[in-house]
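For reference, the chains in residue letters:
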Amino acid sequence: MPRFTPARRPAFSRLLPEESHGPGSVHPAKSGTTSSSSSSSPSSSPPHTATMYASRLAAALALATLPLLAAADLRPEHLSQRDKRAISSGIIYNGQIASAYDFVIIGGGLAGLVLASRLSEDANTTVLVLEAGDTGDLVRSSIDIPGNAYYSSLLGTTYDWQYETVPQPNVANRQLAWPRGRVLGGSTAVNGLYMVRPSALEFNVWAQLQNGAQGADDWAWDSMFNSMKKSENFTAPIAAVQEAGAIEYDIDSHGTTGPVHSSYPGFIIPAVGNWTETLDWIGVLPSADPDGGQGWGAFIATSSINPDNLTRSYSRSAYIDPLPPRANLAILPNATVTRLILAQDGQSVKATGVEYAAYDGATRQTVSVNKEALLSGGAIGSPHVLMHSGIGPTNVLTPLGISTYVNLPGVGQNLQDHLSGQVVYSTTAETAASLHGSQAPGANGTTAFLSFINSAIAYPNITDLLGDYAPTFQSDILANLTWASSTLVPSTDSTVVAGYKAIYQALANTILPSQVGQVELLFGLTGTSFGENTISIQAALQHPYSRGQLYINSTNPFDKPVIDPGYLTHPADTIMLREGLKLARILGQTYPLNGIVTGELSPGNATVNTDPEWDAWLPSIVGTEYHPSCSCAMLPLADGGVVDPQLKVYGTSNVRVIDASVFPLEFAAHLMVPTYGLAEQASLMIRQFWNEGAIPANGTTTASASFPSQTGSNSTTKSGALPLAQAGTPLFALMGAAAVALLAL
């Protein structure tokens with residue numbers, strides 16, 4: 001049983017309770033107090049709280065009067081099928097595709113649509129995307145309007161995969177929802193729009209975990225920094241928003257010519273302006289450049305918002321909709337991939353085709369692969385397809401009667417997620433939720449207001465959380481490596497266990513003692529289950545030591561996989577999450593945020609105070625932060641890896657995985673930006689390999705691969721495809737001058 005030294009509450013040198021503003025409040029000293037950030041620490045008495053908030057609210061509401069597009073003008077309305085085809089290059093509405101493509105991309109989410117756009121830039125290359133979900137055309141208002149992520153969410157609808165975990169013993173035996181976008185654009189169409197990058201150290205650890213394999217440096221900070229900037233089109237906030245939110249940024253850390261808009265809302269809630277100052281008072285310093293490799297501290301994050309019309313910028317609107325017509329690109333919605341068709345290729349196997357169906361029970365169809373099959377199904381979808389194709393752990397495949405083409409024990413292992421909870425307060429201030437309730441449809445400023453989303457964020461490091469207990473905590477984690485590796489890894493395979501040890505040691509020895517955040521804090525102003533007049537501070541674990549897995553238990557690819565994240569199986573995770581929630585409580589008691597807090601609603605000071613009380617309470621309220629990853633980890637084969645640094649699946653010659661499942665460890669960040677960077681880097685890598693031969697596949701280590709005498713389950717297929725020229729004809733036959741003109745919209 002692991003043993004951890006009892007934590008001592010950290011001594012926050014900048015908590016100065018000389019003047020009280022209510023029970024438990026913390027306020028700076030009236031005079032003589034200095035700060036390491038001189039611009040944010042007053043040397044005399046602060047302005048009266050009520051006056052300050054009144055002036056900030058007035059300034060924020062004034063933003064709504066700026067000339068902006070009305071909500072109804074954000075995009076063309078009532079488009080015919082012809083016009084949709086014209087403005088959405090490559091999307092197939094009649095189901096007719098060619099019989100073969102050079103690249104077949106499995107999944108039209110974030111990475112899949114980046115790949116589709118970049119690979120089809122070469123007119124001599126044919127590209128097909130197979131997406132299980134619909135186009136999203138019928139719910140474009142829910143997608144496009146940023147605030148609808150809260151007020152008209154698509155989660156829980158047919159545009160959500162609606163995954164669930166198995167009951168989690170350490171989370172009150174609850175089954176937790178794991179929503180993922182099931183629509184063109186994937187989760188970028190339904191998420192919270194956070195554009196937050198990992199720190200340089202995290203990318204460098206990723207590269208170091210490859211043990212010097214060829215191509216490892218492609219995933220270090222320098223390469224990924226350039227790739228993330230390549231995807232980005234940054235726009236600074238308007239002056240009033242920047243002032244009201246105390247927003248800082250460094251333009252040199254951003255790209256300005258990429259497809260994905262990265263900006264700020266056109267409206268801001270005044271309380272946001274107090275976020276970084278409040279964190280500053282407890283020693284978590286504001287960051288003037290959170291995107292340049294030092295992603296810790298407190299800041300207002302950029303969001304995936306198009307500042308021209310204040311709509312969501314997501315992988316479809318960024319990478320696909322603006323494209324001119326491309327005869328070599330086809331994107332087929334409502335096409336669920338059921339498996340890869342594999343054949344022997346020397347010592348490896350290769351994908352010769354991809355099988356798919358419109359729905360469970362529909363006729364299975366196949367499309368041939370000329371060059372590569374690219375899996376971009378996400379942390380759940382990609383291992384799911386691999387296992388149904390016969391690539392994965394034999395102890396999963398054999399009992400189901402699925403022939404094993406490549407015995408790859410790491411598929412579905414190393415599963416990680418960010419687990420979060422929140423402290424909820426009642427407030428006297430305006431919140432986005434209360435303002436939304438009073439907004440009249442079509443009122444002046446509605447568009448600007450509905451662009452507001454939560455974006456105040458902070459990443460406290462281990463010293464911020466634990467003070468002088470941090471070195472002891474690190475020692476305790478390292479002392480429990482043997483226990484953890486023999487107890488917490490779901491797989492008994494020695495290579496998977498070796499990979500867990502390698503990541504565990506990298507986390508404990510390199511990332512934990514650094515300035516990189518161990519918990520994420522988010523300021524929520526869009527309402528809670530306690531009502532509109534509430535605010536929340538969320539704490540989310542960023543680098544878990546617990547490990548999970550996902551696997552299939554059916555031969556039907558339309559059945560959902562078993563998802564077991566193994567939440568809080570390692571006691572270090574509970575300690576860090578608990579300390580993050582305690583920090584969230586301290587923030588609510590600290591100036592200037594305490595000026596709008598009237599009480600703590602959850603968990604409540606009267607019921608939760610001691611560490612055992614926190615530990616007993618948090619399992620009943622925590623949930624996913626929607627960041628599953630690492631289930632097809634890029635690691636050496638000897639460490640249970642699934643892909644090499646060229647993203648090739650071990651034991652295959654032409655199958656790559658390109659999505660968040662290949663990250664070997666969770667980042668202190670949201671996963672959208674690093675996944676855009678990953679997809680940009682992969683696109684360049686693939687094009688160089690096929691056009692120039694510049695990046696040869698790693699041939700130093702291979703998994704054993706064999707072609708079974710049986711073809712596996714569901715082998716009867718029917719091809720309803722057309723030759724490429726014929727398949728492309730209907731789209732271009734409809735393209736007249738008027739339709740082409742719509743492309744500029």
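Check the entry above for the structure.
The structure presented is a predicted model; accordingly, all values stated were derived computationally and were not measured.

Calculation criteria
- Residues numbered from 1 in each chain as written.
- Predicted model: local features only at pLDDT ≥ 70, side-chain atom pairs only at ≥ 80, totals over all residues.
- Heavy atoms only, no water.
- Salt bridge = Lys/Arg side-chain N within 4 Å of Asp/Glu carboxyl O.
- Helix = DSSP H or I, 4+ residues; strand = E, 2+ residues; numbered from the N terminus.
- Contact = heavy atoms within 4.5 Å.
- Polar contact = N/O pair within 3.5 Å; in protein donor to acceptor, adjacent residues only side chain to side chain.
- Axes fitted to C-alpha atoms, helices over the stretch in contact; angles between N-to-C directions.
- Left-handed = near helix turned anticlockwise from the far one by under 90°.
- Nonpolar A, V, L, I, M, F, W, Y, C, P; charged D, E, K, R; others polar.
- 1 Å grid on protein atoms, 1.4 Å probe; cavity = no way out; pocket = protein on both sides within 12 Å on 5 of 7 lines; lining within 4 Å.
- Points joined across faces, edges and corners; volume = space filled by probe spheres on them.
- Expected span 1.5 Å × (residues − 1).
- Buried < 20%, exposed > 50% of the residue type's maximum accessible area, 1.4 Å probe, protein only.
- Pairing = 2+ DSSP bridges.
- Phe/Tyr/Trp six-rings, centres within 6.5 Å; stacked < 30°, edge-to-face > 60°.

Asker: Got a minute to help me understand the pattern of salt bridges in this structure?
Answerer: Counting across every chain of the model gives 18 salt bridges. Ionic pairing is found between Arg316 and Asp137, a salt bridge with its closest N-O pair at 2.9 Å. A residue pair is termed long-range when its members are at least 10 positions apart, and Arg316 in helix H10 (residues 315–319) and Asp137 in the loop between strand E2 (127–130) and helix H4 (140–144) qualify at 179 residues. Salt bridges sharing partners connect three or more residues here, namely Arg118, Glu121, Lys230, Glu680 and Arg687.

Asker: When you look at the environment of Ser231 in this model, what are you seeing that I'm missing?
Answerer: Residue placement: Ser231 occurs in helix H7 (residues 221–231). In this structure, the C-alpha to C-alpha distance between Ser231 and Val673, residues 442 residues apart in sequence, is 8.6 Å. Once residues within four sequence positions are removed from consideration, Ser231 is found in contact with Gly258, Pro259, Val260, Tyr319, Tyr676 and Glu680. Side-chain polar atoms of Ser231 contact the backbone oxygen of Met228, separated by 2.8 Å.

Asker: Would you explain the packing of helix H6 (residues 200–208) against helix H18 (residues 494–511) in this entry?
Answerer: Working note: a packed helix pair is described by the angle between its axes plus the distance between those axes. Two numbers describe how H6 lies on H18: the axes approach to 11 Å, and their chain directions differ by 145°. H6 and H18 meet at a crossing whose hand is right-handed. Residues Leu201, Glu202 and Val205 of H6 pack against Ala506, Thr510 and Ile511 of H18. When the residues that make up the contact of H6 with H18 are grouped by side-chain class, the tally is four nonpolar, one polar and one charged.

Asker: I'm lost on empty space enclosed by the protein in this one. Help?
Answerer: Unoccupied space between atoms shows up once a probe the size of one water molecule is rolled over them. Applying the stated criterion across every chain, the model contains 12 cavities of 30 Å³ or more. What the largest cavity holds in volume is close to 120 Å³. Taken together, 16 residues make up the lining of the largest cavity; nearest its centre are Gln413, Asn414, Val496, Gly499 and Tyr500. Tallied by class, the residues present in the lining of the largest cavity amount to nine nonpolar, five polar and two charged. Here the second largest cavity defines a volume of roughly 80 Å³. Class assignment of the residues belonging to the lining of the second largest cavity gives a composition of six nonpolar, four polar and three charged.

Asker: Mind showing me how you'd approach helix H21 (residues 672–691) here?
Answerer: The terminal C-alpha atoms of H21, which comprises 20 residues, lie 28 Å apart, in line with the 28 Å expected from a rise of 1.5 Å per residue. Counting buried residues in H21 gives 14 out of 20 residues, a clear majority hidden from the surface.

Asker: Just to check I follow, could you spell out the pairing of strand E14 (residues 348–357) for this structure?
Answerer: Taken residue by residue, a regular strand's side chains alternate between the two faces of the sheet. Among the 10 residues that make up E14, eight are buried, leaving the element largely enclosed by the rest of the structure. Two strands pair when backbone bridges link them, and strand E13 (residues 336–345) and E14 are joined in this way by nine bridges, in the antiparallel orientation. Looking across to E14, one finds that Leu342 is bridged to Ala351. Remark: two residues form the turn of the hairpin made by E13 and E14, two consecutive strands paired antiparallel; Gly346 in that turn has positive phi of roughly 65°.

Asker: Which parts of the structure should I look at to understand the packing of aromatic side chains?
Answerer: In this description, an aromatic ring pair is defined by two values, namely the gap between the centres and the angle between the planes. Using the criterion set out here, one finds 22 aromatic pairs in the structure. Aromatic pair Tyr319 and Tyr676: ring centres 6.0 Å apart, planes at 20°, arrangement stacked. Here the residue Tyr319 occupies a position in helix H10, and Tyr676 occupies one in helix H21, the gap between them amounting to 357 residues. Here Tyr319 and Tyr676 have matching classes, each one buried. Both rings, one in Phe689 and one in Trp690, keep their centres 5.3 Å apart while their planes meet at 85°; by these two values the pair is edge-to-face.

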